[in-house]
Amino acid sequence: MSTFVARVQYLDDTDPFASTNYPEPSRPPTFTFLTNVHLVNQLSGIHKILEPPHKLEDCALQLYKYNSNGQPDYGIYLDLESTLDDQWEELEGFAEQRKNTVILRTQLSVRVHAVIEKLLNSEGRELRRALFSLKQIFQDDKDLVHEFVCSDGLDCLIKVGTEADQNHQNYILRALGQVMLYVDGMNGVIEHCQTVQWLYNLVSSRYRLVVKTALKLLLVFVEYTEKNSHRLYEAVQAVDYDKGVTPFRSIVEILNEKEGGDSELCLFSMTLINKVLSGITDQDTFYDITDYLEEQGMEAIVQRHISKSSADLDLVSQLNLYEAALKAEDGDVVGVSTDIRKAPRLKSEGDTRKSRRSQGVQDVSGSPRAQRKGLPANQVEPDKELSSRVDRLGFESAHESSPSPDNTLSYLEKRRAERAARKEREVEESSKSRSGRAYGSRKQATNMVIENGTASPDHSKPMTLSYDRKHVQDDENAVLIGLF
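What this report covers is the structure whose coordinates are included nearby. Once a new chain begins, its residue numbering starts again from 1 and follows that chain's sequence as written. Under the rules for a predicted model, residues below a pLDDT of 70 receive no local features and side-chain atom pairs below 80 are neither given nor counted, while totals for whole chains, interfaces and linings still include all residues. Each side-chain value is derived from all of the structure's non-hydrogen atoms; neither hydrogens nor water enter the calculation.

### Structural notes on the sheet that holds strand E3 (residues 59-66)
One open sheet holds the 5 strands; their spatial order is E2-E1-E5-E3-E4, and the pairing between them is mixed. Two strands lie at the open edges of the sheet, namely strand E2 (30-34) and strand E4 (72-77), each paired on one side alone. Put simply, the sheet's adjacent strands are angled 45° from each other on average, direction ignored. In this analysis, two residues are considered to be in contact whenever any of their non-hydrogen atoms come within 4.5 Å of each other. For every element, the axis is a line fit to its C-alpha atoms; helices are fit only across the contacting stretch, and the angle between N-to-C directions ranges from 0 to 180 degrees. Secondary structure follows DSSP: runs of H or I at least 4 residues long count as helices, runs of E at least 2 residues long count as strands, and numbering of each begins at the N terminus. On the sheet, helix H1 (residues 43-50) packs against strand E1 (3-10), E2, E3 and strand E5 (101-106) and is oriented at approximately 175° with respect to E2. A pair of strands counts as paired when DSSP detects no fewer than two bridges linking them.

Written out as structure tokens, the structure reads:
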């Protein structure tokens, strides 16, 4: 019977908010694993050797590896319902470093439910400590983010944040920023339109730091993918419609400097507007957004900021970009800025539409959509046309989108699916390699390339992108690093 000998330790994380980052004991014992026996049947033996504070039914096993620089790092969780032979590729190179150990710790789902329960049932100083620690908890274990999103953790954050003061909201925004650093976390936010609505709602907060952080997170959200511009627009409409105000009122009020001048918030607000407009792929939605802005006096706001002798140069640049984008869509611009969207927007058939400004319409009360549909002035209606436009563009409305398979699976279910897919690819490549040799010596060079895993892509099949589960793009990381 095949065996695998490894050092074992435990991590006391029974309380997620009071766990240590140091495995125990300092002199780890060894345990002999049977590679063809399910790990769940060997877990009691490890538990007996280590005598940890964990309940046996709550335990999981995680690899703890040292990198080439001698720094330890928590690796993947082993699937207890499988054998080591089934997941042997995860142990590749594990035995080469003597210090590597297998860690016994609390299951992800148990820890996540403990976190959610603590947040929902705490108050006062205890809640503040829990919220303050939340960002570090997500930072220490990236796999916890996926489980948190799958377990309705975002609903928990919004519920607590809606009822909290500005200090608690700042802690929640810090934690949410950490969640959005990971692809699983960002996908969870994309599928959870209430999170985007809550972030936009915070833009109207009286507290500057809350507004600033919310704007930064919305910028990261919009920059992640072009489709998120439409999703944010839907969220803006939902929030402002409930308030009975014109969409983007909160953004315009910041630019209007009604609470006193703040060039930094103005810069973030204007940048967000330009990012949203750049990601809009159909002309009707583009003009709907700009018409809402122009209706609220955007032209006068732009002229007032630009004419200031002490105007912030970055803000002026964003204001000029907005003006150039508007003129470019109207077809009235000669020299187009390099920052303006290059791809043409989808236009409605038989409808040549221009902006309000090009038609000489200024400071007319009532939403552009209300005027086009003959509704009473100042009556704001949610964008019911947007969903059909989004469908034409080939992706779902944020309000109606169903969760992707990745974010409906638990961590271990996802690992099993990845492992099964990897085995299928290996079998397919092996089959191709064997069939290729039958063609004789003329095909040997091609077969060698295929066997080495460097074959050119098969263009007859749709290309799929595999993302690193850990981090979103470097640009977004750079933005978030400046948050805290």
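### A short note on unusual backbone geometry
The step from Glu 24 to Pro 25 runs through a cis peptide bond, and the omega angle for that step is -5°. Structurally, Pro 25 can be placed in the loop between E1 and E2. In this structure, Glu 51 takes a positive phi of about 50° despite not being glycine. Following the sequence through the fold, Glu 51 ends up in the loop between H1 and E3. For every residue, the accessible area (1.4 Å probe, protein chains only) is compared with the maximum for its type, and the residue is labelled buried under 20%, exposed over 50%, or partly exposed between those bounds. Note on Glu 51: relative accessible area 65%, which makes it exposed.

### Observations concerning the packing of aromatic side chains
A pair of aromatic rings is counted whenever rings of Phe, Tyr or Trp (Trp by its six-membered ring) have centres within 6.5 Å, and the orientation is called stacked for planes under 30 degrees apart, edge-to-face for over 60 and tilted otherwise. Within this structure, the stated rule accounts for 9 aromatic pairs. Centre to centre, the rings of Phe 4 and Phe 94 are 6.2 Å apart; their planes meet at 45°, and the pair counts as tilted. Of this pair, Phe 4 sits in strand E1 while Phe 94 sits in the loop between E4 and E5, and the two are 90 residues apart along the sequence. Here the aromatic rings of Tyr 64 and Tyr 74 are separated by 4.7 Å at their centres, their planes lie at 50°, and the arrangement is tilted. Pair noted here: Tyr 64 is in strand E3 and Tyr 74 is in strand E4, with a separation of 10 residues, a long-range link.

### Re the pattern of salt bridges
Where charged atoms of side chains with opposite charge meet at close range, the side chains can pair. Salt bridges are identified by distance alone: a Lys or Arg side-chain nitrogen within 4 Å of an Asp or Glu carboxyl oxygen. Per the counting criterion, the structure on display carries 18 salt bridges. Among the ionic pairs, Arg 208 bridges to Glu 264, the shortest N-O distance being 2.4 Å. Here Arg 208, found in helix H9 (residues 208-224), pairs with Glu 264, found in helix H12 (residues 263-279); they are 56 residues apart in sequence, far enough to count as distant. The class for Arg 208 is partly exposed, based on a relative accessible area of 35%. The exposure class of Glu 264 is partly exposed, given its relative accessible area of 28%. Here Arg 353 ties to Asp 284 by a salt bridge, and the two come within 3.5 Å at their closest N and O atoms. You can see Arg 353 sitting in the loop between helix H15 (313-330) and helix H16 (368-373) and its partner Asp 284 sitting in helix H13 (residues 283-295), a full 69 residues away along the chain. For the pair shown, Arg 353 and Asp 284 are each scored as buried. Through salt bridges with shared partners, a single ionic network connects Asp 13, Arg 105, Arg 111 and Asp 141.

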